[in-house]
Amino acid sequence: MEINARKERGVQIVSVKGRIDAITAPEFENNLSELISKGERTFLIDLSGLEYISSAGLRSILTTAKKLKEEKGELLFTGLQGPVEEVFKISGFHSIFRIFESEISALNSIGNA
Amino acid sequence: MPETISVSSQIKLPANIQNLQQFINFVSNNARQQGFDQKRIKEIELATEEAIANILNYAYRDTIGDIEITCKTEDNEKFIIEIVDSGIPFNPLSVDDPDIRADLSERKVGGLGVFLMRKLMDDVHYRRDENKNILTLIVLKMYTS
């Protein structure tokens, strides 16, 4: 798993590549926790390079999203594809999270909110 | 006509998280040999991980032991993954489905593993036999995505 974070228009954009499984999920969650403790509140998670996610990864996402909600923050997603998109759909994540076609459309939507 | 069962291969390793990738690679390689496409292989990997995670978290919660995985085909129609542990009785199929329509505040963070396993596999069976938990994942070979 490889995580890259950068900030654009006030949004923390986090791209995750590779696999989020039972082994790597804690690292993913810790990365996001650190950013939250530094004061970041709006996250766009780019999953276009993610080839695999298991329930351990989904649990990390839910835990982080709940934490952010308490801080009036939000977790947004883009780049869903292949098995990752399927797992999101089956798990009902499409009804919990705002999911965008592209980074630009996400940033525009947040900017106009 | 009797059904033809061919044992392709078997792996047995101590049940710990460090061996997770080896278990997954073993199943994944077997699935690839059966000609499944990349998407189906990822789904098979996922179901395998969820099965193993449950064994580590429940069956071997207070003890240590091995996990043995056997991959075989039946009548060249089914790819069968049999996952065996010697932990305490734990039937993952007895776990309730999560409420996937709940909103974020109501949503529980757990319970998705077994749910995904059941949704992605064509069939899943559990039995307790000779002090072992035996979980069988079945994937139909005519599956097309």
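Only a predicted model underlies this, so the values are computations on that prediction, with no experimental measurement involved.

Before going further, it helps to spend a moment on the overall build of chain A. Of regular secondary structure, chain A possesses five helices and six strands. Secondary structure elements in chain A, listed N-terminal to C-terminal, are β-β-α-β-β-α-β-α-α-β-α. A compact globule built from 113 residues should have a C-alpha radius of gyration of about 13 Å, and chain A, at 13 Å, falls within 12% of that. Each principal axis of the C-alpha distribution contributes one length, and for chain A these read about 35 × 30 × 25 Å.

To continue, consider the environment of B:Leu135. Residues and elements named next belong to chain B. Residue position: Leu135 is located in strand S5 (residues 132–140). Judged by the 25 C-beta atoms lying within 10 Å of it, Leu135 falls in the buried class. Linking Leu135 and Glu82, residues 53 residues apart in sequence, is a C-alpha distance of 5.8 Å. When residues no more than four places from it in sequence are discounted, the contact partners of Leu135 are Ala51, Ile83, Pro92 and Tyr126.

Residue and element names in this part refer to chain A. Of note, Arg9 is a non-glycine position whose phi angle comes to about 45°, a positive value. With respect to the secondary-structure elements, Arg9 resides in the loop between strand S1 (2–8) and strand S2 (11–20). A count of 12 C-beta atoms within 10 Å places Arg9 in the exposed class.

Looking only at helix H3 (residues 112–120) of chain B, the buried set comprises B:Leu112, B:Gly113, B:Val114, B:Leu116, B:Met117 and B:Leu120. The elements touched by buried residues of H3(B) are helix H2 (55–70) and helix H3 (82–90) of chain A together with helix H2 (38–59) and strand S4 (123–129) of chain B.

Now for H2(B). With 22 residues, H2(B) should reach 32 Å at 1.5 Å per residue; the first-to-last C-alpha distance of 31 Å fits that figure. In terms of burial, H2(B) is largely enclosed, as 16 of its 22 residues are buried.

Attention now moves to the interface of chain A and chain B. Between chain A and chain B, the contact holds 22 residues from the first and 22 residues from the second. Elements represented by at least two residues in the side of chain A that touches chain B include exactly H2, H3 and helix H4 (93–96) of chain A. Tallied by class, residues from the side of chain A that touches chain B come to eleven nonpolar, seven polar and four charged.

Attention now goes to the packing of helix H1 (residues 25–37) of chain A against H2(A). Residues and elements named next belong to chain A. Interaxial distance between H1 and H2 falls to 9 Å at its minimum, and their mutual angle equals 15°. Classified by the interaxial angle, the pair formed by H1 and H2 is roughly parallel. The two elements H1 and H2 meet at a crossing, and its hand is right-handed. Mapping the contact onto sequence places Ala25, Phe28, Glu29, Leu32 and Ile36 in H1 and Ala56, Gly57, Arg59, Ser60, Thr63, Thr64, Lys67 and Leu68 in H2. Split by residue class, the contact of H1 with H2 holds six nonpolar, four polar and three charged.

Okay, the packing of H2(B) against H3(B) next. Residues and elements named next belong to chain B. Their axes nearest at 9 Å, the elements H2 and H3 cross at an angle of 145°. Along this stretch, H2 crosses H3, giving a crossing that reads as left-handed. Facing Glu43, Leu46, Ala47, Glu50, Ala51, Ala53 and Asn54 of H2, the residues of H3 in contact are Gly113, Val114, Leu116, Met117 and Leu120. Per-class residue counts for the contact of H2 with H3 are eight nonpolar, two polar and two charged.

On to the pairing of strand S3 (residues 42–46) of chain A. Residues and elements named next belong to chain A. Taken across its five residues, S3 has four buried, putting it largely inside the fold. Sheet topology places S2 next to S3; four bridges connect them, and they run parallel. Pairing of Val14 across the sheet is with Ile45, part of S3. The pairing of S3 with strand S5 (residues 74–78) spans five bridges and is classified as parallel. Residue Ile45 lies in a different strand from S5, and its bridge partner there is Phe77.

Once that is clear, we can look at the environment of A:Pro83. Within the secondary structure layout, A:Pro83 lies in helix H3. For the pair A:Pro83 and A:Gly73, spaced ten residues apart in the sequence, the C-alpha separation amounts to 27 Å. Not counting the four nearest positions on each side in its chain, A:Pro83 is found in contact with A:Tyr52, B:Lys39, B:Lys42 and B:Glu43.

With that settled, consider the confidence of the model for chain B. If pLDDT is low for a region, its predicted coordinates should not be looked at in detail. Of all residues in chain B, 95% have pLDDT values of 70 or greater, and the mean over the chain is 93. Taken over the whole predicted complex, pTM reads 0.93, whereas the ipTM for its chain interfaces reads 0.91.

The rules behind each value
- Residues numbered from 1 in each chain as written.
- Chains lettered and ligands numbered in written order.
- Predicted model: local features only at pLDDT ≥ 70, side-chain atom pairs only at ≥ 80, totals over all residues.
- Helix = DSSP H or I, 4+ residues; strand = E, 2+ residues; numbered from the N terminus.
- Rg over C-alpha atoms; globule rule 2.2 N^0.38 Å.
- Buried ≥ 20, exposed ≤ 12 C-beta atoms within 10 Å, placed from the backbone.
- Contact = placed C-beta atoms within 7 Å.
- Expected span 1.5 Å × (residues − 1).
- Nonpolar A, V, L, I, M, F, W, Y, C, P; charged D, E, K, R; others polar.
- Axes fitted to C-alpha atoms, helices over the stretch in contact; angles between N-to-C directions.
- Parallel < 35°, antiparallel > 145°, perpendicular 65-115°, else oblique.
- Left-handed = near helix turned anticlockwise from the far one by under 90°.
- Pairing = 2+ DSSP bridges.
- pLDDT = per-residue confidence, 0-100.

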